[in-house]
Amino acid sequence: MHPLPSDNAPRATRGCAGCINAAPLGFDFDFAYQPIVDLAAHQVWAHEALVRGPEGQGAGWVLGQVTEDNRYRFDQACRVKAIGTAAALGMGTRLSINFLPNAVYRPELCIRTTLDAAREHAFPLERIIFEVTEGERVEDGPWLAEILREYQRFGFLTAIDDFGAGYAGLTLLADFQPDIVKLDMALVRGVDTSRSRQAITRGLLRICQELDISIVAEGIETEGERDFFCSEGVSLMQGYLFARPGFRALTGDRGVGWPAALCSS
């Protein structure tokens, strides 16, 4: 057991003390859950927890109230509430939780509340995915890699969201290989009719295959986009073609967008 940092500790450890001894945020939030489907297995593979306001307001309404002073508490509260709500909804799939890498000072301390929430709600650690957005500016790439390694050590799955859109790019993959890479929707959009997007996407798929990283194509909105990824051997997909996020609800069981001939594994 790691000792709690004191008030005289360096900033890197004081931040984690603030996470553990959390004061109220001063605003409320909730979640919508969007499925990630596995077209080879014919089932919903995971649900991503997407932050919303208490009345269903968009993520911007919530994130606009996150400041440097409450960033750590908000990140911790998101993890706990996402797990608790997923358990209450009876989620039997994996749960993907977005986290703020700049809100983690010492992952072995900041993870405690997540472990407690998973234990309280009997939610298996191996069904929790920690998802970081590549587009968020992270000053220290190797430190992000260390956070993700620590999460893997605890038994969580790790994912890089919006891959191909942000600051880290392939350099991050050189430092750390996550379990999952989610292709940015800017690459996915219209990929079936864009020669350049197809070439870039195929290159990323080959890299991930060599590194044993699973691919999720997110932002799928058309049958053409879906069918392109099926033809390239990608069966994990997410997007409005399959289901929109369900506010405090689970959606996506073989609804619109599921093809008659599903992807083969």
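Reading the values: rules and limits
- Along every chain, residues carry numbers that run from 1 in the direction the sequence is written.
- At least 70 in pLDDT is required for a residue's local features to be given in this predicted model, at least 80 for side-chain atom pairs to be given and counted, and no such filter applies to totals for whole chains, interfaces and linings, which use all residues.
- Based on all heavy atoms of the structure, the side-chain values leave hydrogens and waters out of the count.
- A pocket, in this scheme, is an open set of points on a 1 Å grid over the protein atoms alone with protein on both sides within 12 Å along at least 5 of 7 lines, while a cavity is a set where a 1.4 Å probe fits but cannot get out; residues line either one if an atom lies within 4 Å of a point.
- Grid points are joined across faces, edges and corners, and a volume is the space filled by probe spheres set on the points.
- A helix here means a DSSP run of H or I that spans at least four residues, while a strand means a run of E at least two residues long, and both kinds are numbered starting from the N terminus.
- Throughout, the ten residues Ala, Val, Leu, Ile, Met, Phe, Trp, Tyr, Cys and Pro are labelled nonpolar, Asp, Glu, Lys and Arg are labelled charged, and all others, Gly among them, are labelled polar.
- To estimate how far a helix should extend, the number of its residues minus one is multiplied by 1.5 Å.
- Categorising residues by exposure relies on relative accessible area from a 1.4 Å probe, with only protein chains included: less than 20% of the type maximum marks a residue as buried, more than 50% marks it as exposed, and the intermediate range marks it as partly exposed.
- Think of a salt bridge as a Lys or Arg side-chain nitrogen and an Asp or Glu carboxyl oxygen that are within 4 Å of each other.

Chemist: Report on the layout of surface pockets, specifying residues and quantitative values.
Modeler: Size it by volume and the largest pocket reaches roughly 700 Å³. For the lining of the largest pocket, the elements supplying multiple residues, two or more each, are β1 (30-38), β2 (43-52), α2 (59-63), α3 (71-88), β3 (94-98) and β5 (157-163). If one sorts the elements of the lining of the largest pocket by residue count, β2 sits on top with 5 residues. Classifying every residue of the lining of the largest pocket gives 15 nonpolar, 6 polar and 9 charged.

Chemist: Tell me about helix α9 (residues 195-210), and name the residues and values.
Modeler: The end-to-end C-alpha distance of α9 is 23 Å, a good match for the 22 Å that 16 residues give at a rise of 1.5 Å each. Buried residues of α9: Q198, T201, G203, L204, L205 and C208, and no others. Trailing α9 by a residue or two, D212 shows a phi angle of about 60°, which is positive.

Chemist: An account of the pattern of salt bridges is requested, with residue identities and associated values reported.
Modeler: Within the structure shown, the criterion is met by 14 salt bridges. Its salt-bridge partner being R248, residue D30 comes within 2.7 Å of it at the nearest N-O pair. Here D30, found in strand β1, pairs with R248, found in the segment after β9 (246-247); they are 218 residues apart in sequence, far enough to count as distant. Assessed through its relative accessible area of 9%, D30 is described here as buried. The exposure class of R248 is partly exposed, given its relative accessible area of 42%. For E232, the salt bridge identified is with R202, shortest N-O distance 2.9 Å. Taken together, the residues span a long stretch of sequence, with E232 in the loop between α10 (223-231) and β8 (236-238) and R202 in helix α9 at a distance of 30 residues. Judged by its relative accessible area of 29%, E232 is partly exposed.

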